Amino acid sequence: MPHMLANLNADFLFPKLHGMWARSMVGESLQRLIQSGREDAVARALTPLGIDASRREEVQKQIVCAHIAELSSVQRLADPRTARFYSAFLERHFFENLKTVLHYHYFPEHGVSIQFLLIDAPGLPHFDAEALLAARNTHQLFTHLPPHPCREALLPLLVELEDTRDILAAESRLDRMFYAELLGAAGRLPLSTRQIGRELVRTEVDITNLVMILRNVVMYRLAADTLRGLCLDGGLHLSPKALEKLYGAKGVPALVASLPRVYRRLPEPFVEGELYLSENALWNHLHRLAYGLFTDYNRPAASVVAFAYLKRFEMLNIGRVFEGTHFGLGAADIQKMMIGTGHV
C-alpha cells in the first residue's frame, strides 16, 4: 500500500513539477538574463521571483530563501519518505549557516555582517546571530546553537576547532554529517525512486570529492593523509580505493588522466584552463543526469527526486548571473559560469 500511495503521489506531482519548471529561470529565460548586460535589467527580471535587488548585499540570501520556499512547497505535497528526502536536501543550508557561524566566531575579521549571510527561512533552525556573536568561548557558542539532531555531535567538533583552527577539517566534518543524512534519506525513498535518489546523491558525493582534490592540486597542496580526511564517503564511482589513486596527483592533467572514464572525459578539454571550467564540467554531469531523469516521461516518479537538484542549479545560476553582471563581466564570461545550459 505505501508503494502504491507513493506512485499515486508521483502521478499527481509530475504535471505540477513540470509546470513549475516551465516557469523557472532556465533555458531562454536564463539566456535573456545573461544577455541583459545591466544590473538594473537583471534586478527587474528577478522581481517576479520575489527578489528585491535594491539592497545588493541581501540578494544572494533572497535567492536562496526563494529556492527553499519553492522546494518546501513541493515537500508539503509529497509522500512522507519523499518529503523527508526534500527536508534532508534542504538541510545543506543549515550546515552552511553553521559554517558561517564557525568562521565568524573563530576568525572574526569580516567585512560583512553575519546577519546578511545567515539564511533564515521557514523549516530551517533559527540562528540567533547576536547571541552567537556575543559568545566569548566555545561553551557559550555551543549553548546558543539551535536545536538539531546533530547538535551533540557538534561539541567535539567545536572543541577541536578551538584547538587547531583547522576550518577546512571542521567544514569537512559538517559535510560528512550532511551527506550521511541525505544518503540515508535517499535510501528510505519509496522503491520507485530509491535507486534514483541514491544515484543522484552518490554522484554529488563523487563530484564534491573531485572538486576538493582538484582544488588541492591547484591551491591547497595538502598532504595525502590530510586530503584523505577531507573527502566524503559514499561515492558512486569513486570508492576509497579509487580515491587513493588521486591523492598524490602532481597536476591537473595527471589527476584527470587517473579518473574513471565516466569522469575523465568531462574535465579533459579544460586541463590547461581555469579551475572553475573543470569544476563546472563535473557539475554539468550531475545536471545532465538530473535533467534526463526529470524528462523521462515513462518514469514520472523520477521527476520528483530530480526536481530538487535542477532547482538547486537554477538557484546557483541566478546568483552567478547577478554577481557577474554586478562586477561587469560580459555575457560570454557569465555563460561559462552556468551549469546545465547546454541541455535544458
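Presented here is an overview of the structure given in this document. (Residues numbered from 1 in each chain as written. Predicted model: local features only at pLDDT ≥ 70, side-chain atom pairs only at ≥ 80, totals over all residues. Heavy atoms only, no water.)

Side note on the overall build of the protein
Under the convention used in this document: Under the scheme used here, helices are H or I runs from DSSP no shorter than 4 residues and strands are E runs no shorter than 2 residues, and both carry numbers assigned from the N terminus. Restricting the calculation to C-alpha atoms gives the radius of gyration, and the globule rule supplies 2.2 Å times the number of residues raised to the power 0.38. Each accessible area is a Shrake-Rupley estimate made with a 1.4 Å probe; only the visible protein chains count as cover when residues are assessed. The charged-residue count follows a simple rule in which Lys and Arg add positive charge and Asp and Glu add negative charge, with His and chain termini not counted at all. Taken as the charge location is NZ of Lys, CZ of Arg, CG of Asp or CD of Glu.
In terms of helices and strands, the protein carries 19 helices and 0 strands. Computed over C-alpha atoms, the radius of gyration of the protein comes to 20 Å, within 12% of the 20 Å expected from 2.2 N^0.38 for 344 residues, which places it in the range of a compact globule. C-alpha extents for the protein along the principal axes are approximately 55 × 50 × 45 Å. Surface summary for the protein: the accessible area is close to 16,200 Å², and the carbon and sulfur share equals 55%. Mean positive and mean negative side-chain charge positions of the protein (37 and 37 charges, respectively) differ by 6 Å.

Brief notes about the nonpolar core
Just so we agree on the cut-off: To define a nonpolar core, start from buried Ala, Val, Leu, Ile, Met, Phe, Trp, Tyr and Cys residues and group those joined through side-chain atoms within 4.5 Å. Each residue's exposure class comes from its accessible area (1.4 Å probe, protein chains only) as a fraction of the maximum for that residue type: buried when under 20%, exposed when over 50%, partly exposed otherwise. Throughout, a contact is declared for two residues whenever any of their heavy atoms are within 4.5 Å.
The biggest cluster of nonpolar side chains holds 118 residues, and the ones touching the most others in it are Phe-85, Leu-102, Leu-145, Leu-182, Leu-200, Phe-307 and Tyr-309. If one sorts the elements of this core by residue count, helix α18 (residues 300-326) sits on top with 14 residues. Once residues within four sequence positions are removed from consideration, Leu-200 is found in contact with Leu-286, Leu-289, Ala-290, Leu-293, Val-305, Ala-306 and Tyr-309.

Regarding the pattern of salt bridges
What counts, and what does not: For salt bridges, the criterion is a side-chain nitrogen of Lys or Arg within 4 Å of an Asp or Glu carboxyl oxygen.
With the rule as written, the count across this model stands at 18 salt bridges. Salt-bridge contacts for Asp-40 lead to Arg-44; the nearest nitrogen and oxygen are separated by 3.7 Å. Separated by 4 residues within a single helix, Asp-40 and Arg-44 lie in helix α3 (residues 39-46), roughly one turn from each other. A salt bridge links Lys-311 to Glu-70, with the nearest nitrogen and oxygen atoms 2.9 Å apart. A residue pair is termed long-range when its members are at least 10 positions apart, and Lys-311 in helix α18 and Glu-70 in helix α4 (residues 59-75) qualify at 241 residues. Note on Glu-70: relative accessible area 24%, which makes it partly exposed. Beyond isolated ion pairs, a larger network of salt bridges with shared partners links Arg-38, Asp-40 and Arg-44.

Quick look at helix α6 (residues 92-106)
Filter applied, for reference: Expected helix span is given by 1.5 Å per residue-to-residue step, counting one fewer step than there are residues.
Compared with the 21 Å implied by 1.5 Å per residue over 15 residues, the 21 Å span of α6 between its first and last C-alpha is a close match. Of all the 15 residues making up α6, 13 are buried; the element is thus mostly covered by neighbouring parts of the structure.

Notes on the packing of aromatic side chains
Formally: Each pair of aromatic rings taken from Phe, Tyr and Trp, with Trp reduced to its six-membered ring, is defined by centres within 6.5 Å and is described as stacked if the planes are under 30 degrees apart, edge-to-face if over 60, and tilted in the remaining cases. Any Lys NZ or Arg CZ found within 6 Å of a ring centre and within 35 degrees of that ring's normal is scored as a charge over the ring.
As enumerated under the stated definition, the model contains 11 aromatic pairs in all. Ring centres of Phe-14 and Tyr-297 lie 5.6 Å apart, and the angle between their planes is 80°; this geometry places the pair in the edge-to-face category. Remark: Tyr-297 occurs in the loop between α17 (275-294) and α18 and Phe-14 occurs in helix α1 (residues 2-22); sequence separation between them is 283 residues. Their ring planes at 35° and their centres at 5.6 Å tell us that Phe-94 and Phe-127 sit as a pair that is tilted. Here Phe-127 lies in the loop between α7 (114-117) and α8 (129-134) and Phe-94 lies in helix α6, a separation of 33 residues in the sequence. For the pair formed by Phe-94 and Phe-127, the shared burial category is buried. By the ring-pair criterion, three or more aromatic residues cluster together here, those being Phe-94, Phe-95, Phe-127, Phe-178 and Tyr-179. We note Arg-92 situated over the ring of Phe-89; from NZ or CZ to the ring centre the distance is 4.4 Å. Its end group placed over the ring of Phe-142, Arg-151 keeps NZ or CZ at 4.3 Å from the ring centre.

Notes on a nonpolar patch on the surface
Where we set the bar: Within the patch definition used here, like charges are joined within 9 Å and nonpolar side chains (Val, Leu, Ile, Met, Phe, Trp, Tyr) within 5 Å, considering only residues with over 30% relative accessible area and no salt bridge.
Taken together, the side chains of Val-218, Met-219 and Tyr-220 present a nonpolar region at the surface, about 260 Å² in accessible area. Following the sequence through the fold, Met-219 ends up in helix α12 (residues 191-220). Of the residues examined, Met-219 reaches a relative accessible area of 49% and is grouped as partly exposed.

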